[in-house]
Amino acid sequence: MPAQPVYKVIFQNGTQVYEVFARQIYQSDMWGFIEVEEFVFGERSQIVVDPSEEKLKNEFAGVTRSYIPMQAILRIDEVDKEGAVKVSDVKPAEGGNVASFPFAGSGPPQISDE
């Protein structure tokens, strides 16, 4: 029996980039969203605690399913095994006061009676 795949999902949440691992990812029935289920956090037996991993563990504690907007997804990879989750800050652009407008993508196709 093949092992269940693990996906590394990298997405932007505000001014931070999250890198998480999950076992289930698929396009949502809600248009424009990706569903992420079964988050995987590495069980560390180390005394040193990574604050970004603890932050994500607490943020996703009790979350069954997360809906992430497609325009926030930076990358999805299928990996052999889970790794350390990360949170990193996005560097502001030169000038620092300009943010990109969220791109909504294209709408659903229009059907005409021609």
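Before reading on, note that the structure itself is shown above.
Since this is a predicted model, take the numbers as computed values, not measurements.

Peer 1: Mind laying out the overall build of the protein, listing which residues take part and the relevant values?
Peer 2: A count of helical and extended segments in the protein gives 1 helix and 6 strands. Written out in order from the N terminus, the α and β elements of the protein read β-β-β-α-β-β-β. Here the protein holds 114 residues, and the buried ones make up 28% of them. Only carbon and sulfur atoms are counted for the fraction: they give 52% of the accessible area of the protein, which is about 8,600 Å².

Peer 1: Which residues make up the pairing of strand E4 (residues 65–69), and what values do they have?
Peer 2: By the alternation rule, side chains of E4 split into Ser66 and Ile68, which are all buried, and Arg65, Tyr67 and Pro69, of which none is buried. Of the pairings in the sheet, the one linking strand E3 (residues 33–40) to E4 comprises 5 bridges and is antiparallel in character. Each residue of the ladder has a partner; that of Glu35, found in E4, is Tyr67.

Peer 1: Describe in detail the pattern of salt bridges, supporting the description with residues and values.
Peer 2: Tallied over the full model, the rule gives 3 salt bridges. As a salt-bridge pair, Glu35 and Arg65 come within 3.1 Å of each other at their nearest N and O atoms. Of this pair, Glu35 sits in strand E3 while Arg65 is found in strand E4, placing the two residues 30 residues apart along the sequence. Look at Glu35 and you get buried, because its relative accessible area is 8%. Its relative accessible area of 38% is what places Arg65 among the partly exposed residues. Asp77 is the partner of Arg75 in a salt bridge, and the nearest nitrogen-oxygen pair spans 2.9 Å. When salt bridges with common partners are traced through the structure, they connect Glu35, Glu37 and Arg65 into a single cluster.

Peer 1: Tell me about the packing of aromatic side chains, and name the residues and values.
Peer 2: Per the stated rule, a full pass over the model turns up 1 aromatic pair. Arranged with centres 5.4 Å apart and planes meeting at 55°, the rings of Phe11 and Tyr18 form a pair that is tilted. Note on Phe11: relative accessible area 6%, which makes it buried.

About the criteria used
Residues numbered from 1 in each chain as written. Predicted model: local features only at pLDDT ≥ 70, side-chain atom pairs only at ≥ 80, totals over all residues. Heavy atoms only, no water. Helix = DSSP H or I, 4+ residues; strand = E, 2+ residues; numbered from the N terminus. Buried < 20%, exposed > 50% of the residue type's maximum accessible area, 1.4 Å probe, protein only. Areas by Shrake-Rupley, 256 points an atom, 1.4 Å probe, with all protein chains shown as cover. Pairing = 2+ DSSP bridges. Salt bridge = Lys/Arg side-chain N within 4 Å of Asp/Glu carboxyl O. Phe/Tyr/Trp six-rings, centres within 6.5 Å; stacked < 30°, edge-to-face > 60°.

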